[in-house]
Amino acid sequence: MNRGTPSRRRNRNTLRYGGNRLRYAGIVALFLAPSLVPLTLFTLVPMVSSLWVALHDWNLITPMEFVGLDNFRDLLTDGGTWAAFGHTLGYIAGYLPLVYLLGLAAALALNTALKGRNVFRAAYFLPVVTSWVVVALLWRWLLSPANGLVNHLLGLVGIDGPGWWTDPTWAMPSVILASAWKDLGFVMIILLAGLQAIPGELYDAARVDGTSAWQRFRYVTLPLLSPSTFFVVVISLINGFQVFDQVYVMTGGGPAGSTEVVVQQIYDLTFRYGRAGDASALSWLLFVVVLIVTIVQVRGQRRWVTYA
């Protein structure tokens, strides 16, 4: 029976293969639709829309007026923008080392045969699932200069407590303390999972070689924990650049603008001053900064992250 020339058979196979690929793509799209449609509607579309708004002068009421890149130029030459980025970087510089070291200490403690460790794990993780408004109000009370618990305890030992969130010098440390306390459980869980993935045979071999506890931590634990550390650092940096809730509730950007971070300024530009175009432009500037920082981290991980 003549089944056609080789070229015709190849064409039929190509068409059949292409049809299978289309059906496969359709099935994949069908299963992804419940997540893909909301992602497109509530994330991608607003992102593109915000870029369009960034090119206009708009007060949310009157029609938009196209101004091109003027909003970006005005922001880059405005000292308030640089001050907001400086406050954000100051927050990250205090928050990231504190939450990582506390999370690492908690993970190391709970990775031992500690009695009741499951209770401690749940207790440490509870603030993570608590609303930021609740946490911020709690710490606003704890650090109240007049009747806060922290200053009361300091007074019992003869220390005159600072003004905390009412003092421009102490306002940002107040926010950092609240943020580290809330996110401590998240960092602890990630690092604890990394610790439990380290083979115990490596520690046994190190003990046989006569290493001390510090040497085992330095040359075994830290290198093999580096993937978890990398994840924590990336996520914490991204969250740090987007800090807003605790600042808004605890200080509102004050006192005297000492805690006005970038997202706080975006909020103020939009809803207090009616400058939606400037706010959208600032959002994209923040996006570019976060993207660059993340790319640098991903490229730099080859030098210190050990996947073994």
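The protein carries the name Sugar ABC transporter permease in an unreviewed UniProt entry, which gives Jiangella anatolica as its organism.

Novice: Mind laying out the pattern of salt bridges, listing which residues take part and the relevant values?
Specialist: Evaluated as defined, the whole model comprises 5 salt bridges. In this structure, R73 and D70 form a salt bridge, with 2.8 Å as the shortest nitrogen-oxygen distance. Residue R73 and its partner D70 are located together in helix α2 (residues 70–76), separated by 3 residues, close to a single helical turn. Since its relative accessible area comes to 47%, R73 is described here as partly exposed. Linking R73 and D74 is a salt bridge whose minimum nitrogen-to-oxygen distance equals 3.9 Å. Overall, D74 belongs to the partly exposed group, its relative accessible area being 39%.

Novice: Tell me about the nonpolar core, and please be specific about residues and values.
Specialist: Counting residues in each nonpolar core, the largest one holds 49 residues, and the members touching the most others are F72, Y91, L191, V262, L282 and L286. Mapped by element, the contributors of at least two residues to this core are α2, α3 (79–110), α7 (171–196), α8 (200–208), α9 (213–241), α11 (262–272) and α12 (276–300). Among the elements that take part in this core, α3 stands out by supplying 12 residues, more than any other. In contact with V262, other than residues within four places in its own chain, are A84, F85, T88, L282 and L286.

Novice: Can you lay out the UniProt feature "transmembrane region" (unreviewed entry) in the protein for me, pointing to particular residues and giving the numbers?
Specialist: UniProt annotation of "transmembrane region" (unreviewed entry) refers to residues 21–45, 89–110, 122–142, 175–198, 219–241 and 281–298 when read in the numbering used here. Overall, residues 122–142 shows 71% helix and 0% strand. The separation of its end C-alpha atoms is 22 Å. In residues 281–298, the share of helix is 100% and the share of strand is 0%. The end C-alpha atoms are 26 Å apart.

How each quantity is defined
- Residues numbered from 1 in each chain as written.
- Predicted model: local features only at pLDDT ≥ 70, side-chain atom pairs only at ≥ 80, totals over all residues.
- Heavy atoms only, no water.
- Salt bridge = Lys/Arg side-chain N within 4 Å of Asp/Glu carboxyl O.
- Helix = DSSP H or I, 4+ residues; strand = E, 2+ residues; numbered from the N terminus.
- Buried < 20%, exposed > 50% of the residue type's maximum accessible area, 1.4 Å probe, protein only.
- Core = buried A, V, L, I, M, F, W, Y, C linked by side-chain atoms within 4.5 Å.
- Contact = heavy atoms within 4.5 Å.
- UniProt positions renumbered as here; feature names shortened; annotations may be inferred.

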